[in-house]
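Listed below are the residues making up each chain.
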Amino acid sequence: MTRNYLSGSIKKGLEIIECIGKSPKPLKASQVSSITKLDRATTFKILTYLTSTGYVFKDTKNNLYSLGHKIFEFGDKSDYLKSLTTLCFDYIKKLSNETSHITYLAVLEGPHIVYCDKVDPSGESAPRAFRMRMDAHSCALGKAILAFKGRDELKEIYKSYSLHKHTSNTITSLDKLYANLANVRKNGYSLNEAETFNYVYGIGAPIMDSKKRAIAAISISGTKGSINIKTTPNLAKKVTETAALISLKLQNN
């Protein structure tokens, strides 16, 4: 009896992961229940467990579910990320060529960003399964998305994960992060001022969906010699304009 129960639970869990993975956009629990034909109570219990283990990510601001970072450890599994990468590629390639900087595309998974794509102006491409992870609080990509999270949601994200100090410039307190993110919302772009690595600087901007939620971000990366107080205004304009074009494309799809 126990064996049959466990087998049934595992099957349902896999059905839910497959359902979320095949969806081109995050889903509500009710949508997962409808698609999998599982009752809502069972669906919610399994989603709660999968979220706690990292296989599913729940955006607490809107109660939408997407695949968690654990899934990415098994390779390129998400149709959602594939479609997002395809939609963004030409835009970030053009941005890379126009700015002569490496460009990135990433999504947020809890306190980390997961890189989806990278374009180098030299023509060097990223590996097919480009899924490197990095702390969100210390990079332009992460801050561009975190800026559109509510204060309660940020507390939830960081309640069991500390703001790790990578360099002397890394933000290590939530109060300072809140202040920094307020500037991101005001300016429309985020900055990485050697906060993860001493020699890496960056400018990021959010990709917004039709409900004005930051579902991803793009950025350019360089050194202090190429991204500084003199060059930032022009570069930030190019990054934010590109992010706006991608957002519009996404919303019209």
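What counts and how
Residues numbered from 1 in each chain as written. Predicted model: local features only at pLDDT ≥ 70, side-chain atom pairs only at ≥ 80, totals over all residues. Heavy atoms only, no water. Helix = DSSP H or I, 4+ residues; strand = E, 2+ residues; numbered from the N terminus. Buried < 20%, exposed > 50% of the residue type's maximum accessible area, 1.4 Å probe, protein only. Contact = heavy atoms within 4.5 Å. Areas by Shrake-Rupley, 256 points an atom, 1.4 Å probe, with all protein chains shown as cover. Patch = residues over 30% accessible without salt bridge, like charges linked within 9 Å, V, L, I, M, F, W, Y side chains within 5 Å. Salt bridge = Lys/Arg side-chain N within 4 Å of Asp/Glu carboxyl O. Lys, Arg positive; Asp, Glu negative; His and termini not counted. Charge placed at Lys NZ, Arg CZ, Asp CG, Glu CD. Pairing = 2+ DSSP bridges. pLDDT = per-residue confidence, 0-100. Axes fitted to C-alpha atoms, helices over the stretch in contact; angles between N-to-C directions. Core = buried A, V, L, I, M, F, W, Y, C linked by side-chain atoms within 4.5 Å. Expected span 1.5 Å × (residues − 1). Arc of directions from axis to C-beta.

S.K.: Tell me about the overall build of the protein chain, residues and numbers included.
M.R.: Across its full length, the protein chain holds nine helices and eight strands. In the protein chain, which comprises 253 residues, the proportion classed as buried is 48%. When contacts within the protein chain are restricted to residue pairs at least 6 apart in sequence, long-range pairs at least 24 apart make up 57% of them. Carbon and sulfur atoms make up 54% of the accessible area of the protein chain, which totals about 13300 Å².

S.K.: Could you give an account of a positive patch on the surface, naming the residues involved and the relevant values?
M.R.: A cluster of basic residues, Lys61, Arg151, Lys155 and Arg185, forms a positive patch at the surface. Residue placement: Lys61 occurs in the loop between strand 1 (56-59) and strand 2 (64-67). Since its relative accessible area comes to 49%, Lys61 is described here as partly exposed.

S.K.: Tell me about the pairing of strand 2, and name the residues and values.
M.R.: Examined bridge by bridge, strand 1 and strand 2 share four bridges and lie antiparallel to one another. Bridged to Phe57 within strand 2 is Ser66.

S.K.: Could you give me a rundown of the confidence of the model for the protein chain, with the residues and numbers involved?
M.R.: On average, residues of the protein chain score 88 in pLDDT, and 89% of them reach the 70 mark or higher. The weakest mean pLDDT in the protein chain belongs to helix 4 (residues 69-72) at 64; the strongest belongs to strand 6 (residues 190-193) at 98.

S.K.: Run through the sheet that holds strand 5 (residues 133-135), naming residues and quoting values.
M.R.: Strand order in this open sheet of six strands is 5-4-3-8-7-6, and the pairing throughout is antiparallel. Since the sheet does not close on itself, it has two edges, and those belong to strand 5 and strand 6, each with one partner. Here the strands of the sheet are splayed against their neighbours by 35 degrees on average, with no regard to which way each runs. In terms of strand pairing, strand 6 meets strand 7 (residues 201-208) through four bridges, oriented antiparallel. Opposite Asn192, over in strand 7, you have Gly202 as the bridge partner. Where helix 9 (residues 232-252) meets the sheet, its contacts fall on strand 6, strand 7 and strand 8 (214-222), and the angle it forms with strand 7 comes to roughly 25 degrees.

S.K.: Which residues make up the nonpolar core, and what values do they have?
M.R.: Formed by 26 residues in total, the largest nonpolar core has its most connected members in Leu105, Ile207 and Ile218. Those elements giving two or more residues to this core turn out to be helix 5 (79-99), strand 3 (102-109), strand 4 (112-119), strand 7, strand 8 and helix 9. The element that contributes the greatest number of residues to this core is helix 5, accounting for six residues. Non-local contacts of Leu105, meaning those with residues more than four positions away in its chain, are made with Leu84, Thr85, Cys88, Ile92, Val114, Tyr115, Cys116, Asp117, Ile207, Ala216, Ala217 and Ile218.

S.K.: Account for helix 8 (residues 174-187), naming residues and giving values.
M.R.: Taking 1.5 Å per residue, 14 residues should reach 20 Å; helix 8 reaches 20 Å between its end C-alpha atoms and fits that length. For helix 8, every residue scored as buried is listed here: Leu177, Tyr178, Leu181 and Val184. Each buried residue of helix 8 lies within a common arc of 115 degrees when the element is viewed along its axis, so the set occupies one face. Structural note: helix 8 exposes Asp175, Lys176 and Lys186 on the side pointing more than 90 degrees away from its buried face. Looking at the buried positions of helix 8, the neighbouring elements they touch are helix 6 (140-146), helix 7 (151-157) and strand 6.

S.K.: Tell me about the environment of Ser210, residues and numbers included.
M.R.: Mapped onto the elements, Ser210 comes out in the loop between strand 7 and strand 8. Residues Ser210 and Leu250 lie 40 residues apart in sequence; the distance between their C-alpha atoms is 8.0 Å.

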